[in-house]
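Chain residues, written in single-letter form:
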Amino acid sequence: MILVKEKRGSWRMVFACLLAAFLVLTGLRTVYAAGGLELVTAYPGMSVKPGDSLSISVDLENSSGSALNADVEIASLPDGWEGYLQGGSYQVNRVHVGTDGATITLHVTVPKECAEGTYQAVVKATADTGAESTLPISFTISEEKAGAGSFTSEYPQQEGASGTDFSFSTTLINNGLTTKSYSLSSNAPAGWTLTFVPSGETTKIAGIDVESGESKGITVSVTPPEQIAAGEYDISCSAVSADETLSVDLKVVITGTYGLVLTTPDGRLSFDAQSGKSSDVTLNLENTGNVDLEQVSLNSTAPSGWTVTYEGLEDNSIDSIAAGTTKEVIAHVKPANDTITGDYVTSFTARTDETSSSVDFRVSVKTSTLWGIAAVAIIVIVIGGLGYVFRKYGRR
């Protein structure tokens, strides 16, 4: 009898243990289901730019152990932002969530006029069982990190005279998330030549690839037409990719066309002179540009001992020559007294800070007539003296 009672007690203990385990498991399952719904996304924070349209994948994870239905909504969205939830090909507000979970897509449109800052959208899911979950997603808008590229020049304005070639150093930056191909163009005025060349290279290009987060240096070479009028000229250069248009504004300031021609009224570049005597040479200084020439200096290069002076000029300088006009100057050229007969070269140069012109003259120098007569008289005297000597002493 005692053994039978002991066996019955053992079975009762086993039964009690099994019952306790069942109750524990049942209790755990009930608690598990109450918190078994969770919203998750791989990127709960991101940088965006004004005007972006975003599609964000959101997963509904079900850890309750059985399928359930859940209401889904965008619980909050920044003012002016637009958004909706999509499942499959439909806009949805209720989702069946199996034990493997479900996926929906949050579509958000950022306003084009949106200030810098951090914004938040909240997605909420509520199951029929009472389980619920919220998912906040933050969006950061920043000029530097919003994803917009840039096309800039450190020195966007340059100036020079016509005939000057201008060179602008520019930088193209891709702040997007993928490599972008940019086509390059400009609105240069008719007759102007503009080329794009990658920094450190010589090949002209019409487009360039820039990797995400990278920058490329581009040299923009600008050549205005010859004889272009003085003034300011604006040139806009563009870099266009599939999703953005970047531009940089350049300015070329033409200070004027400078031109100076030194010649004579009849075009002759030779004259005669006598040793020790001054000869006059008329010089024409023509301003062929479209701006006035200031402080035009005249200089000469002549053989040693010669002197050159300019009539009416102080310090051999002309204060101003108006555009399109000619200034006449008389030069006095005096060969040295001991200059022998022959051809010599004398050069004249007219110069300003912007331009210059030079001309060479052939100078034919002749000795004085009196010296020639004196030389002939000396020769006659010598011959006469020799004749007298031969007549008087020739027979001895």
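As the structure is a prediction and not an experimental result, all values here were calculated from the model. Sequence order sets the numbering: in each chain, residues are counted from 1 along the sequence as written. Local features in this predicted model are restricted to residues of pLDDT 70 or higher, and side-chain atom pairs are both shown and tallied only at a pLDDT of 80 or more, whereas totals for entire chains, interfaces and linings draw on every residue. In computing side-chain values, all of the structure's heavy atoms are included and hydrogens and water are not.

Undergrad: Hey, could you run me through the side chain of S279 in this one?
TA: Checked against the element boundaries, S279 lands in strand β22 (residues 279-287). For each residue, the accessible area found with a 1.4 Å probe, counting protein chains only, is set against the maximum for its type, and the residue is called buried under 20%, exposed over 50%, and partly exposed in between. Taking relative accessible area as the criterion, S279 reaches 13% and is therefore assigned buried. At 3.4 Å, the side chain of S279 forms a polar contact with the backbone oxygen of D272. If sequence neighbours within four positions are ignored, S279 has contacts with F271, D272, A273, Q274, A331, H332 and V333. The way it works is that DSSP assigns letters per residue, a run of H or I at least four long becomes a helix, a run of E at least two long becomes a strand, and they are numbered from the N terminus. In the analysis that follows, any N or O atom pair within 3.5 Å is treated as a polar contact, provided that within protein one partner can donate a hydrogen and the other can accept it, and provided that, for residues neighboring in sequence, both atoms belong to side chains. Every residue pair with non-hydrogen atoms within 4.5 Å of one another is taken to be in contact.

Undergrad: Sorry, what's going on with the sheet that holds strand β19 (residues 245-254) here?
TA: What links the strands of a sheet is backbone hydrogen bonding, and the strands pair in either a parallel or an antiparallel sense. Strands are labelled as partners when DSSP assigns at least two bridges between them. The strand order across the open sheet built from five strands is β12-β19-β18-β14-β16, with neighbouring strands paired in mixed fashion. Since the sheet does not close on itself, it has two edges, and those belong to β12 (157-160) and β16 (207-210), each with one partner. Across the sheet, the mean angle separating the axes of adjacent strands is 25° when strand polarity is ignored. Strand direction decides the pairing type here: strand β18 (residues 231-240) and β19, joined by 10 bridges, are antiparallel. Considered in β19, the bridge of I235 is made with L250. Convention adopted: a line fitted to C-alpha atoms gives each axis, helices being fitted over their contacting stretch, and angles between N-to-C directions are expressed from 0 to 180 degrees.

Undergrad: Sorry if this is basic, but what is going on with a nonpolar patch on the surface here?
TA: Patch building starts from residues that exceed 30% relative accessible area and form no salt bridge, then joins like charges within 9 Å and nonpolar side chains (Val, Leu, Ile, Met, Phe, Trp, Tyr) within 5 Å. Here, Shrake-Rupley sampling with a 1.4 Å probe gives the accessible areas, and only protein chains in the shown set may cover a residue. Criterion for a salt bridge: a side-chain nitrogen of Lys or Arg within 4 Å of a carboxyl oxygen of Asp or Glu. Together, I378, V382, L386 and F390 make up an exposed nonpolar region whose accessible area comes to about 430 Å². As for its position among the elements, L386 is in helix α2 (residues 369-393).

Undergrad: What is the right way to look at the sheet that holds β22 in this model?
TA: The four strands are arranged β20-β22-β26-β24 in an open sheet whose pairing can be described as antiparallel. Taken across any chain shown, the strands that pair with only one partner, and hence form the sheet edges, are β20 (260-263) and β24 (307-310). The mean inter-strand angle of the sheet, taken between neighbouring strand axes irrespective of direction, is 25°. Relative to strand β26 (residues 326-334), β22 runs antiparallel, the two sharing eight bridges. Bridge pairing in β26 links E286 to T326.

Undergrad: What is the right way to look at the pattern of salt bridges in this model?
TA: Where charged atoms from two side chains of opposite charge come close, those side chains can pair. If you walk through the whole model with that rule in mind, you get eight salt bridges. For K180, the salt bridge identified is with D243, shortest N-O distance 3.3 Å. Taken as a pair, K180 in strand β14 (residues 180-186) and D243 in the loop between β18 and β19 lie far apart in primary sequence, 63 residues in all. Under the relative-accessibility criterion, K180 is labelled buried at 8%. Where K251 meets E232, a salt bridge forms, and the shortest distance between an N and an O atom there is 3.5 Å. Residue K251 is found in strand β19, and its partner E232 is found in strand β18; the two are separated by 19 residues along the sequence. Three or more residues are tied together by salt bridges with common partners; here these are D71, R94 and D128.

Undergrad: Please clarify how the environment of E132 should be interpreted in this entry.
TA: By the secondary structure assignment, E132 is in strand β10 (residues 132-141). Residue classification places E132 among the partly exposed residues on the basis of a relative accessible area of 47%. Expressed as a C-alpha distance, the spacing of E132 and L37, which sit 95 residues apart in the sequence, is 6.1 Å. The residues contacting E132, other than those within four sequence positions of it, are L37, K124, A125 and T126.

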